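Notes for the structure review
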Amino acid sequence: MGRASFTAAFTIVSFVFILINNYDVVSCLGFSNSSHRTTMFLPLFPPKDTSYRSSPSRRLLQKSPPNARMALHDDLLLNGYYTTRLWIGTPSQRFALIVDTGSTVTYVPCITCKQCGKHQDPRFQPEMSSTYQPVKCNIDCTCDNEREQCIYERQYAEMSSSSGVLGEDIVSFGNQSELATQRAVFGCENRETGDLYSQHADGIMGLGRGDLSIVDQLVEKHVISDSFSLCYGGMDFGGGAMVLGGIKPPEDMVFTNSDPVRSPYYNIELKEIHVAGKALNLNPLVFDGNHGTVLDSGTTYAYLPEAAFAAFKNAVMKAVHSLKQIEGPDPNYKDICFSGAGSDISQLSKAFPPVDMVFTNGRKLSLSPENYLFRHSKVRGAYCLGIFQNGKDATTLLGGIIVRNTLVTYDREHETIGFWKTNCSELWGRLNSSPPPPALPSGLDNTNSTGSMASTLVPSGSPGYNAPGEIIVGFITFYMSLSMNYSDLKLRITELTHLIAQELGVNIAQVHLMNFSTKGNDSLVKWAIFPAGSANYMSNAAATEIIHRLAETRVRLPDTFGSYRIFEWGFERLPKRTGWQQSYLIVVIALSVVLILGLSAFLGLLIWRRGQESPLPYERVETVVREQELQPLT
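All values derive from a computational prediction rather than experimental measurement.

The helix and strand inventory of the chain stands at 10 helices and 33 strands. Per-residue burial for the chain yields a buried fraction of 53% across its 634 residues. Taking as baseline every contact in the chain between residues at least 6 positions apart, the subset at least 24 positions apart corresponds to 72%. Carbon together with sulfur atoms contributes 55% to the accessible area of the chain, which is approximately 30200 Å² in total.

Structure (structure tokens):
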């Protein structure tokens, strides 16, 4: 998935296509192989949620309803999205779903799907769930050809699509949730195309406004208040946290109005943008064109109308005159990039100006450089603007990059959206509340499907899973026990290495077998994940993602490996060389240099002496030389 090009031609073509097909358009996806940059961006047109309608009335909520605290995974700029985990069915089946405020329906691949890609988790099997029920055809939904079951169809602006049937089942929200399991309607995919087919995530969790939205369904059941929150990690960390339901807002949270009548998306009332303390010379109405200023978790970067982007770009370039402007990482895009800022994220504010977003109520949200920059993938210490021109579209689109390390509360009940700058990896502690007990929801099963050996539970507490933090990570280790004897597993160790690399999202060359032992019919293997290529360390984001996958038991093996368990994962710092080791290394290097120079001098002298010798006698070509007979060996 790569960055979208918001050209006028693309907009017009998509407009015609969508009007003709009358499909529900949700957040679109794109991919760029050349730059390995991933992005997601807003749909061009509002969703029309006609697939299903629940009861129209909303009664008063119970007092102090619980909420569902859930961890976010992956990385905004590496993957283009954040995912959360949702368990569906009895017994539960787990899925990694992209959190998307621009979508309504939540859907997962179905076992009956004839055209679905290979995703992170196995497909949903309705027949394996004792609590699954199809949503039967009725006047409030679109029905299949046999008029037996409700269906859904989603067409994305970049022409990928998802379609399937609607079902209802038990949904669980993980071991950090106060909220008990609930019945909910979701989509069971039978066909997907485009980027939906190729993405690693299983499906999408729709958080937008609409009857099929998971938020709307929980509010209709009166089990949560009409609110949810997202907190995206910063430049050095992927992951984050989300809450379905209300939370007590921090005292210094900045709120702005969000009018549901103004736009079907979550909009805010942006009035001004300040760069380095100075307001851009713009008419405030520039931020009110088309859909207005829209906040969308399904968008990676930010996109401004033409006039606003030009003013913003010029102001930033004027403020960073001491930095050198360089080419972007991908020649297909004319990125605005600067080198010389250094690699320490905490020091970026010394090189790049502060940016403030001012709302109509006079309150402002201050953005740090990580909220409008992304790292240059080819030049160390270089950064590029993560804010672009939105083609000829007058919508101001604010994607996830704007709210990194920011708690965003979508208070739909009071029609406001709040912002609070924080470290999202430490969200629970910063909110002065401890997470709920890590008891698993009923029906939640953390074992793999092939045996009874239980996987290690995710540690309780903040959703960091013992992430490495701000250190230099040399390599990551973990243990794996399998119910296979030594002779059988030894023959399949190469296959197992490939599977681990695939499940952890690393190259096979990074996976090293450290130790191998056996007891009876069980085997114990210690693995290590080393940095990619010739690097001496791995980035904090890469290390955190690997730890997340291990902690969330995302390593899935075929049934032929029997039951297995992963435990004691951790990371190792780079060992520091002692003074003796450093001196020894210097001596070895010095001796090597002397040896090379001495050998070169000897060879040079030998060549010179040969050049001084008298030439060997030779016979002219015309001279007849007697051929010598071949002599037999004696």
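Turning to the nonpolar core, a few remarks are in order. In terms of nonpolar packing, the biggest core is built from 90 residues, with L207, L244, F312 and F352 touching the most fellow members. In terms of residue count, helix α5 (residues 306-319) provides more of this core than any other element does, five residues in total. If near-sequence neighbours (up to four positions away) are discounted, F312 is found in contact with I273, V275, L280, L304, V355, Y372, L385 and I387. Among the nonpolar cores identified, the runner-up in size contains 30 residues, and M480, L499, I500 and L557 belong to it.

Mapped onto the elements of the fold, N267 is located in strand β15 (residues 267-268). Setting aside residues no more than four positions away along its own chain, N267 makes contact with N257, S258, D259, R262, H291, T293, V294 and I417.

The next subject is the sheet that holds strand β22 (residues 355-359). Taken together, the four strands give an open sheet; going across it, the order is β17-β16-β22-β23, and neighbouring strands pair in antiparallel fashion. Every other strand in the sheet has two partners, leaving β17 (278-279) and β23 (364-367) as the edge strands with one partner each.

Take T560: it is sitting in the loop between α9 (540-551) and β33 (564-573). Among the residues examined, T560 registers a relative accessible area of 53% and is labelled exposed. Remark: the alpha-carbon pair of T560 and M484, spanning 76 residues in sequence, is separated by 9.5 Å. If sequence neighbours within four positions are ignored, T560 has contacts with M484 and R492.

To continue, consider the pattern of salt bridges. With the rule as written, the count across this model stands at nine salt bridges. The partner of E168 in a salt bridge is R183, with the nearest N and O atoms 3.9 Å apart. With E168 in strand β9 (residues 161-172) and R183 in strand β10 (residues 182-193), the pair connects residues that are 15 residues apart, well separated along the chain. Its salt-bridge partner being R262, residue D288 comes within 3.3 Å of it at the nearest N-O pair. You can see D288 sitting in the loop between β17 and β18 (293-295) and its partner R262 sitting in the loop between β14 (254-257) and β15, a full 26 residues away along the chain.

The next point concerns the sheet that holds strand β20 (residues 324-326). Strand pairs in the sheet, formed through backbone hydrogen bonds, run parallel or antiparallel to each other. Overall, antiparallel pairing links the four strands, which are arranged β20-β21-β25-β24 in an open sheet. On the outer flanks of this sheet lie β20 and β24 (373-375), each paired with one strand and no other. This sheet shows a mean twist of 35° between the axes of neighbouring strands, independent of strand direction. When β20 meets strand β21 (residues 337-339), the two strands line up antiparallel, connected through three bridges. Note on β21: the bridge partner recorded for K324 is S339.

Below, the discussion takes up the packing of helix α8 (residues 493-504) against α9. Remark: α8 packs on α9, axes separated minimally by 10 Å, with the N-to-C direction vectors making an angle of 110°. If you check the angle between α8 and α9, you find them roughly perpendicular. Where α8 abuts α9, its residues Q502, E503 and L504 lie against I546, R549 and L550. In terms of residue class, the contact of α8 with α9 is made up of three nonpolar, one polar and two charged.

As a note on interpretation, predicted positions should not be read in detail where pLDDT is low. Across the chain, the average pLDDT comes to 78, with 75% of residues at or above 70. Confidence drops under pLDDT 50 across residues 1-63; counting only partners more than four residues distant or on other chains, this segment forms 190 contacts. Per-residue pLDDT stays below 50 along residues 433-470; that stretch engages in 100 contacts with residues further than four places along the chain or on separate chains.

What follows covers the state of the cysteines. Under the defined criterion, the tally for this structure stands at six disulfides. Paired by a disulfide, C110 and C188 hold their sulfur atoms 2.0 Å apart. In this structure the cystine formed by C110 and C188 twists about its S-S bond by roughly 80°; its chirality is therefore right-handed. With C110 in the loop between β6 (107-109) and β7 (133-134) and C188 in strand β10, this residue pair connects regions lying 78 residues apart in the sequence. Judged on exposure class, the residue C110 and its partner C188 are both buried. Here C141 engages in a disulfide with C150; their sulfurs sit 2.0 Å apart. Taking the sign of the S-S torsion, -80° for the link of C141 and C150, the bridge is left-handed.

About the criteria used
- Residues numbered from 1 in each chain as written.
- Predicted model: local features only at pLDDT ≥ 70, side-chain atom pairs only at ≥ 80, totals over all residues.
- Heavy atoms only, no water.
- Helix = DSSP H or I, 4+ residues; strand = E, 2+ residues; numbered from the N terminus.
- Buried < 20%, exposed > 50% of the residue type's maximum accessible area, 1.4 Å probe, protein only.
- Contact = heavy atoms within 4.5 Å.
- Areas by Shrake-Rupley, 256 points an atom, 1.4 Å probe, with all protein chains shown as cover.
- Core = buried A, V, L, I, M, F, W, Y, C linked by side-chain atoms within 4.5 Å.
- Pairing = 2+ DSSP bridges.
- Salt bridge = Lys/Arg side-chain N within 4 Å of Asp/Glu carboxyl O.
- Axes fitted to C-alpha atoms, helices over the stretch in contact; angles between N-to-C directions.
- Parallel < 35°, antiparallel > 145°, perpendicular 65-115°, else oblique.
- Nonpolar A, V, L, I, M, F, W, Y, C, P; charged D, E, K, R; others polar.
- pLDDT = per-residue confidence, 0-100.
- Disulfide = S-S within 2.5 Å.

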